[in-house]
Amino acid sequence: MRLATALLLLASPALAGDGTCDELWFTRNAIFHQAGYCFGSPLGEAIFGNDGCTTKTPALSAAQKARLARIKAEEEGCTIDTSRRSLDIPDLDIRRRLSLLPIRTIGESGCIGWKGGPVSLRAGTSISAETLFVLEPGDVVLFAHAMEQAEGQDWDYVQVFDNGVFRKAGWTVIDWGPEVCEGLAG
């Protein structure tokens, strides 16, 4: 059963690399959206809308510029068709609730069959951030995003799959490895 789950996880779009460029595009453009950017492309308008937009040249903070530089480094080789009206991101609705958007990376790994106790998956990188979901024993967990440091801890944005189908996601502080996973992938 776990081998079948591992094969489904590895065959899922998230692990196969599909959607990586969409995730990076979304995160980069969400920063511009928060800064008041007015989108002109069908994709930008469909994903973010232009309600409340104020400019085509938003003023960005140093932190926003630094985050954009990190995203652009990961986007190398990505091309996005901005004439379309949707993105291949299974957890897009969850990402809209996050206080810090994750940055997708090229590599990924997985914990197949979480053996640890329940762990909160949060909307941000703080223990005071809203709990969106709970990681439960048996969950198949994907690690495919850059770790973030906050409150003196390393935070991971994780996605949980069931038979290759996305179920839940969020930020968590988690030590994972063979002692808390029935199997490892990646």
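Above this text you will find the structure in question.
Residues numbered from 1 in each chain as written. Predicted model: local features only at pLDDT ≥ 70, side-chain atom pairs only at ≥ 80, totals over all residues. Heavy atoms only, no water.

Q: I keep staring at the overall build of the protein and nothing clicks. Help me out?
A: Counting its regular elements, the protein contains six helices and eight strands. Moving toward the C terminus, one meets the helices and strands of the protein in the order α-α-α-α-α-α-β-β-β-β-β-β-β-β. Relative to the 2.2 N^0.38 estimate, which gives 16 Å for 186 residues, the radius of gyration of the protein is 17 Å and therefore close to what a compact globule would have. Once the C-alpha set of the protein is aligned to its principal axes, its extents read approximately 50 × 35 × 25 Å. Every one of the 186 residues in the protein was classed for burial, and the buried ones make up 49%. Counting only carbon and sulfur atoms, one obtains 52% of the accessible surface of the protein, whose full area is about 9000 Å². (Helix = DSSP H or I, 4+ residues; strand = E, 2+ residues; numbered from the N terminus. Rg over C-alpha atoms; globule rule 2.2 N^0.38 Å. Buried < 20%, exposed > 50% of the residue type's maximum accessible area, 1.4 Å probe, protein only. Areas by Shrake-Rupley, 256 points an atom, 1.4 Å probe, with all protein chains shown as cover.)

Q: Can you walk me through the side chain of Thr125 in this structure?
A: Counting through the fold element by element, Thr125 comes out in the loop between β2 (119–122) and β3 (131–135). Accessibility expressed as a relative area gives 14% for Thr125, which makes it buried. Sequence-distant contacts of Thr125, defined by excluding residues within four places in its chain, comprise Leu100, Glu148, Ala150, Glu151, Trp155 and Trp171. (Contact = heavy atoms within 4.5 Å.)

Q: Where do I start with the nonpolar core in this structure?
A: Side chains of a nonpolar character, in soluble globular proteins, are inclined to be buried together. Ranked by internal contacts, the top residues of the largest apolar core, which has 24 residues, are Trp25, Phe26, Ile47, Phe48, Leu87, Ile94 and Leu98. Residue assignment for this core shows that the elements contributing at least two residues are α3 (20–34), α4 (42–48), α6 (92–95), β4 (140–145), β6 (153–162) and β7 (165–172). In contact with Trp25, not counting residues within four places along its chain, are Leu43, Gly44, Ile47, Phe48, Glu75, Ile80, Thr82 and Leu87. Core analysis: the second largest hydrophobic core is formed by 12 residues, Leu135, Val141, Ile174 and Cys181 among them. (Core = buried A, V, L, I, M, F, W, Y, C linked by side-chain atoms within 4.5 Å.)

Q: Explanation requested: helix α5 (residues 62–74) in the structure shown.
A: Three or four residues apart is the spacing at which side chains of an α-helix point the same way, because the helix has 3.6 residues per turn. Compared with the 18 Å implied by 1.5 Å per residue over 13 residues, the 19 Å span of α5 between its first and last C-alpha is a close match. Looking at α5, one finds that the buried residues are Gln64, Arg67, Leu68 and Ile71. All buried residues of α5 project into a common sector of 105° when viewed along the axis, lining one side. Within α5, the exposed residues directed more than 90 degrees away from the buried face are Ala62, Lys65 and Ala73. Buried residues along α5 sit against α3 and β5 (148–150). (Expected span 1.5 Å × (residues − 1). Arc of directions from axis to C-beta.)

Q: Would you mind showing me how to read unusual backbone geometry here?
A: One can expect most non-glycine residues to show negative phi and most peptide bonds to be in trans. Of note, the phi angle at Glu151 is positive, near 55°, even though the residue is not glycine. Taking relative accessible area as the criterion, Glu151 reaches 47% and is therefore assigned partly exposed. In this structure, Asn163 takes a positive phi of about 55° despite not being glycine. Residue placement: Asn163 occurs in the loop between β6 and β7. On the basis of relative accessible area, Asn163 is assigned to the partly exposed category, the value being 41%.

Q: How do you make sense of the pairing of β7 when you look at a structure like this?
A: The side chains of a regular strand alternate, first on one face of the sheet and then on the other. Most of β7 sits inside the fold, with six of its eight residues counted as buried. Pairing geometry for β6 and β7, over seven bridges, is antiparallel. Directly across from Asp162, in β7, lies its bridge partner Val165. (Pairing = 2+ DSSP bridges.)

Q: Hey, could you run me through the pattern of salt bridges in this one?
A: Where charged atoms of side chains with opposite charge meet at close range, the side chains can pair. Counted under the stated rule, the structure contains 11 salt bridges. Note that Glu148 is salt-bridged to Arg67, the shortest N-O span being 3.1 Å. A residue pair is termed long-range when its members are at least 10 positions apart, and Glu148 in strand β5 and Arg67 in helix α5 qualify at 81 residues. Considered together, Glu148 and Arg67 belong to a single accessibility category, that of buried residues. Where salt bridges share partners, they join Glu23, Asp91, Arg95, Arg104 and Glu108 into one cluster. (Salt bridge = Lys/Arg side-chain N within 4 Å of Asp/Glu carboxyl O.)

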